[in-house]
Structure formats: C-alpha cells, structure tokens
Amino acid sequence: MFFYIFALLTLGGGILTITRRNAVHSAIALIVSLLGVAGLYLLQQAEFLFAVQIVLYIGGIMVLFLFVIMLVNLDEAAKQAQFNGAWAVCLACLVGIGAEVWWFVSRSSSMAAWHKPLASVAAAVKGSGNTERIADSLFSEYLLPFEVASVLLLVAVVGSVFMARKESPQE
Amino acid sequence: MQSITTMHYVVLAGALFLIGTMGVLTRRNIVIILMSIELILNAVNINLVTFSRMYGGVQGQVFAIFVIALAVAEAAVGLGILIAMFRNKGTVLADEVDLLKW
C-alpha cells in the first residue's frame, strides 16, 4: 500500500521535474520525488540511507540547486523554448534502453526470486541494526573505495570553487 | 492487493530512469538537465537497495552511499561549470553553447 503512494510521489515528481518551465518549480518537484525515494528506502529497511537521502539530497544538493537558480538569472531562459525538439532521438533512446533492460531482466537466471514477496526475505536481515551493519561493511570490506571517495570529494570541492570564482585582477 | 516483489521495484526504477533520460535528452535548460541526472542516479539507487534486500546483505546499500557521494561531487562540479558558463556567455541553454559544432 505504502509502496504505491511512494511510487506515485517518485514518478509524479519526476515527470513534473522535467516538464516545468520555471526551474524553481522543477526543483520543488524534484524534492517531492526524492522524498518518495526516501520513503521507498524506509520500506526496504534501509533506515540509514533514508536519513542520508533526506539530509544529503534534500538538505544539501537541493539547497545547492536552489542557490544556483537564484544566482543565475533564469528569467530569460524561462521565456524561451524549453525543449530542444530532439524527440526522434529521445524516442529512439527510450525504446533502446527500455528494450535492453527488458531483455536482460527477462533472461535473468534468478527470475523466480524476483517474483517472491520481499516481506518473506526480511527474516534474514534480522540481527544488529542497519547503520551498524553498513558501518561494518564500509570500514572493513570497502575501506579503499571509501578513501577514494573522500579524495574525489576533495577534488570536486577544489574544482568547483576554482571554476565558480571570479577572475582575480592580478594575472 | 498482491504483495510487493522485487519486480515492482525494478519496474519503478526503470520508469524513473527513463523519465530522467528523457529530461536529459529533451530539455534545453542546463539546471534541469542536472536535475534529471539526479533522477537517473536515484533510479539506480532504488535498484541497488532492492537487490541488497533481496539477497539479505548490506553491500547494495554501501554502494548506494558511494553513488550518493558521486552525485554530490557531480552536482557541485556541474553547478560550478554552469556559473562559470553563465558569467562568460550569459546563457544557461545547452544548445546555445555550440562553439565546437559546425
């Protein structure tokens, strides 16, 4: 039951995001969509990701987007055509991706497991808390990717500050 | 009402992915193209979490965290490029940046 509510939020928000003329309306629709995804995480007993989704995506990335929308003057862009008219290319890509995904999904060897209700596998997840298990996995099994991700974030911070700054007068 | 299976989540994630792809391919405003990329990454995350639940492990959720970290980095760099571009060319429409096109 909750699945359908959150799925509706997610897909409805997504469709509104890509169709609105005003970028602020798009951002608000995207927040609704991300909230729906957060609800889906909660339904799947991924409580840590639920918190991360709300704090990082809705609290962090969306504020960043709204900042940039306010910083960049979008009034001019809102008056012009919003779609680039590449409908044939778009349709071809959608059909191609959809067919590819359907083909792989229908050939999956674990197909029987895909049609089992997810509530029946929940028993295996019991034990210590979700956050604890993620931390165990993250800091032992995936320590190297974790450190690489931290370097990547540092590079992104330095790079975006460098690109967004004004030209300094002495050069 | 039938109970929710892995298939439900996979179909939902596929639909969200296609919506995001459509946004990337058809919109002209770069801010909204970046938002569509966020939609695509979220569709991938839904799949990762679903399969992590299906196999009873936590690895999928760990990878979802890495995807979120990548999304943050991508948004920061993308918006930085957008601000620099707006300052230099005065536009945020993707098809007006056609210096390399003939």
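## Re the overall build of chain A
Regarding its fold elements, chain A presents 8 helices and 0 strands. Traced from its N-terminal end to its C-terminal end, chain A shows the element sequence α-α-α-α-α-α-α-α. Against the compact-globule benchmark of 16 Å for 171 residues, chain A has a radius of gyration of 21 Å, which places it well outside the compact range. Judged by the C-alpha coordinates and their principal axes, chain A covers about 60 × 40 × 30 Å.

## A short note on the packing of helix α5 (residues 87–106) of chain A against helix α1 (residues 6–26) of chain B
Put simply, α5 of chain A and α1 of chain B touch, their axes get as near as 10 Å, and they point 160° apart. With respect to their mutual orientation, α5 of chain A and α1 of chain B come out roughly antiparallel. For the pair α5 of chain A and α1 of chain B, the sense of crossing is right-handed. In this structure, α5 of chain A contributes W87, V89, C90, C93, L94, I97, G98, V101 and V105 of chain A to the contact, and α1 of chain B contributes V10, G14, L18, T21, M22, L25 and T26 of chain B. Among the residues forming the contact of α5 of chain A with α1 of chain B, the class breakdown is 12 nonpolar, 4 polar and no charged.

## Overview of the domain arrangement of chain A
Assigned domains within chain A: domain 1 (2–78 + 89–126) and domain 2 (127–166). For domain 1 of chain A versus domain 2 of chain A, the separation of C-alpha centres amounts to 21 Å.

## Topic: the interface of chain B and chain A
On the side of chain A, 74 residues touch chain B, which itself brings 61 residues to the contact. Elements with a contribution of two residues or more to the side of chain B that touches chain A: α1, α2 (30–54) and α3 (59–89) of chain B. At 21 residues, the largest contribution of residues to the side of chain B that touches chain A is made by α3 of chain B. Tallied by class, the residues present in the side of chain B that touches chain A amount to 39 nonpolar, 17 polar and 5 charged.

## Things to note about the confidence of the model for chain B
Residue and element names in this part refer to chain B. On average, residues of chain B score 88 in pLDDT, and 99% of them are at 70 or above. When mean pLDDT is taken per element in chain B, α2 scores highest with 92 and α3 scores lowest with 90. Quick note on the complex model: pTM equals 0.88, ipTM equals 0.90.

## Some words on unusual backbone geometry
Residue and element names in this part refer to chain A. Notably, Q45 is not glycine yet its phi reads approximately 60°, a positive angle. Take Q45: it is sitting in the loop between α2 (23–43) and α3 (47–71). Judged by the 18 C-beta atoms lying within 10 Å of it, Q45 is partly exposed.

## Observations concerning the packing of helix α7 (residues 130–141) of chain A against α3 of chain B
Each pair of packed helices can be described by the angle between their axes along with the distance between the axes. α3 of chain B packs onto α7 of chain A with a crossing angle of 70° between their chain directions and a minimal axis gap of 9 Å. Compared by their axis directions, α7 of chain A and α3 of chain B come out roughly perpendicular. Between α7 of chain A and α3 of chain B, the residues in contact are I134, S137 and L138 of chain A and Q59, Q61 and V62 of chain B, respectively. Considering only residue class, the contact of α7 of chain A with α3 of chain B consists of 3 nonpolar, 3 polar and no charged.

## Remarks on the nonpolar core
Of all hydrophobic cores here, the largest spans 59 residues; its most connected members are Y41, L49 and I69 of chain A together with L16, V31, M35 and I46 of chain B. Breaking this core down by element, the ones donating at least two residues are α1 (2–19), α2 and α3 of chain A together with α1, α2 and α3 of chain B. In this structure L49 of chain A touches Y41 of chain A together with V49, Q61 and A64 of chain B, once residues within four positions along its chain are discounted.

## Details of the environment of A164 of chain A
Tracing the backbone shows A164 of chain A in helix α8 (residues 143–164). Judged by the 18 C-beta atoms lying within 10 Å of it, A164 of chain A falls in the partly exposed class. Placed 32 residues apart in sequence, A164 of chain A and E132 of chain A show a C-alpha to C-alpha distance of 38 Å. If near-sequence neighbours (up to four positions away) are discounted, A164 of chain A is found in contact with G80, I83 and A84 of chain B.

Parameters and conventions
- Residues numbered from 1 in each chain as written.
- Chains lettered and ligands numbered in written order.
- Predicted model: local features only at pLDDT ≥ 70, side-chain atom pairs only at ≥ 80, totals over all residues.
- Helix = DSSP H or I, 4+ residues; strand = E, 2+ residues; numbered from the N terminus.
- Rg over C-alpha atoms; globule rule 2.2 N^0.38 Å.
- Axes fitted to C-alpha atoms, helices over the stretch in contact; angles between N-to-C directions.
- Parallel < 35°, antiparallel > 145°, perpendicular 65-115°, else oblique.
- Left-handed = near helix turned anticlockwise from the far one by under 90°.
- Contact = placed C-beta atoms within 7 Å.
- Nonpolar A, V, L, I, M, F, W, Y, C, P; charged D, E, K, R; others polar.
- Domains from an automatic or database assignment.
- pLDDT = per-residue confidence, 0-100.
- Buried ≥ 20, exposed ≤ 12 C-beta atoms within 10 Å, placed from the backbone.
- Core = buried A, V, L, I, M, F, W, Y, C linked by C-beta atoms within 7 Å.

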